[in-house]
Amino acid sequence: MRLCELRQKEVINCRDCARLGFVGDIEFNVTTGCLEKIIVPGPCKFFGFFGSEHEYVIPWSCIRQIGPDIILVDIDSKSSLKENHGC
């Protein structure tokens, strides 16, 4: 599967059935080439403008199933929400 295919899938949390958003980026191990985390941008700051100040960083071990349209994850939404300090 390619990154562009992952970006088209919506991420849903199994614990509370919350829609977290769409995959924005991935993190992988350069030594092994294995996918380690997916990153989902959090809610936007102001009416969908100005980007988001938080993002969900979801370890591969928390991904339960990848379907044709969605990715099911099992996470504590509050502990997976990280500050986005920008680049």
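Nothing here was measured: the structure is a model prediction, and the numbers come from that model.

A. Broad picture of the sheet that holds strand 8 (residues 63-66). Here four strands make up an open sheet; going across it, the order is 2-1-9-8 and the pairing mixed. Looking at the sheet topology across the chains shown, the edges are occupied by strand 2 (19-22) and strand 8. Strand-to-strand twist across the sheet, computed as the mean angle between neighbouring axes with direction ignored, equals 20°.

B. Highlighting the pattern of salt bridges. Tallying each qualifying case throughout the model produces four salt bridges. With its nearest N and O atoms 3.0 Å apart, the salt bridge here joins Glu10 to Arg19. Among the ionic pairs, Lys37 bridges to Glu27, the shortest N-O distance being 3.8 Å. Taken as a pair, Lys37 in strand 4 (residues 35-41) and Glu27 in strand 3 (residues 25-28) lie far apart in primary sequence, 10 residues in all.

C. Spotlight on the state of the cysteines. If you walk through the whole model with that rule in mind, you get zero disulfides. Note on Cys14: no disulfide assigned, nearest cysteine sulfur contributed by Cys17 at a separation of 7.5 Å. According to the relative accessible area criterion, Cys14 is partly exposed, its value standing at 35%. Residue classification places Cys17 among the exposed positions, given a relative accessible area of 63%.

D. Representation of the environment of Asp74 in the model. In this structure, Asp74 sits in the loop between strand 9 (70-73) and helix 2 (77-80). Judged by relative accessible area, Asp74 falls into the partly exposed class, the value being 24%. Separated by 10 residues in sequence, Asp74 and Arg64 place their C-alpha atoms 6.7 Å apart. Each residue touching Asp74, except ones within four places of it in the same chain, is listed here: Asn13, Arg15, Cys62 and Arg64. Looking at Asp74, its side chain comes within polar contact range of the side chain of Arg15, at 2.7 Å.

What counts and what doesn't
- Per chain, residue numbering runs from 1 following the sequence as it is written.
- Where totals are concerned, whole chains, interfaces and linings use all residues; where local detail is concerned, this predicted model gives features only for residues with pLDDT of at least 70, and gives and counts side-chain atom pairs only at 80 or more.
- Just so you know, side-chain values use all the structure's heavy atoms and leave hydrogens and water out.
- Criterion used throughout: strands pair if DSSP finds at least two bridges between them.
- A run of H or I in DSSP counts as a helix once it spans at least four residues, and a run of E counts as a strand once it spans at least two, with each numbered from the N terminus.
- To obtain an axis, a line is fitted to C-alpha atoms, over the contacting stretch when the element is a helix, and the angle between two such axes runs from 0 to 180 degrees between their N-to-C directions.
- Salt bridges are counted wherever a side-chain nitrogen of Lys or Arg sits within 4 Å of a carboxyl oxygen of Asp or Glu.
- By definition, disulfides here are pairs of cysteine sulfur atoms that lie within 2.5 Å.
- The buried label applies to any residue whose accessible area, calculated with a 1.4 Å probe on protein chains only, is under 20% of its type's maximum; exposed applies above 50%, and partly exposed to all values in between.
- Contact definition: two residues touch when any of their heavy atoms are within 4.5 Å.
- Any pair of nitrogen or oxygen atoms within 3.5 Å is treated as a polar contact; in protein, a donor-acceptor pairing is required on top of that, and neighbouring residues in sequence qualify only through side-chain atoms on both sides.

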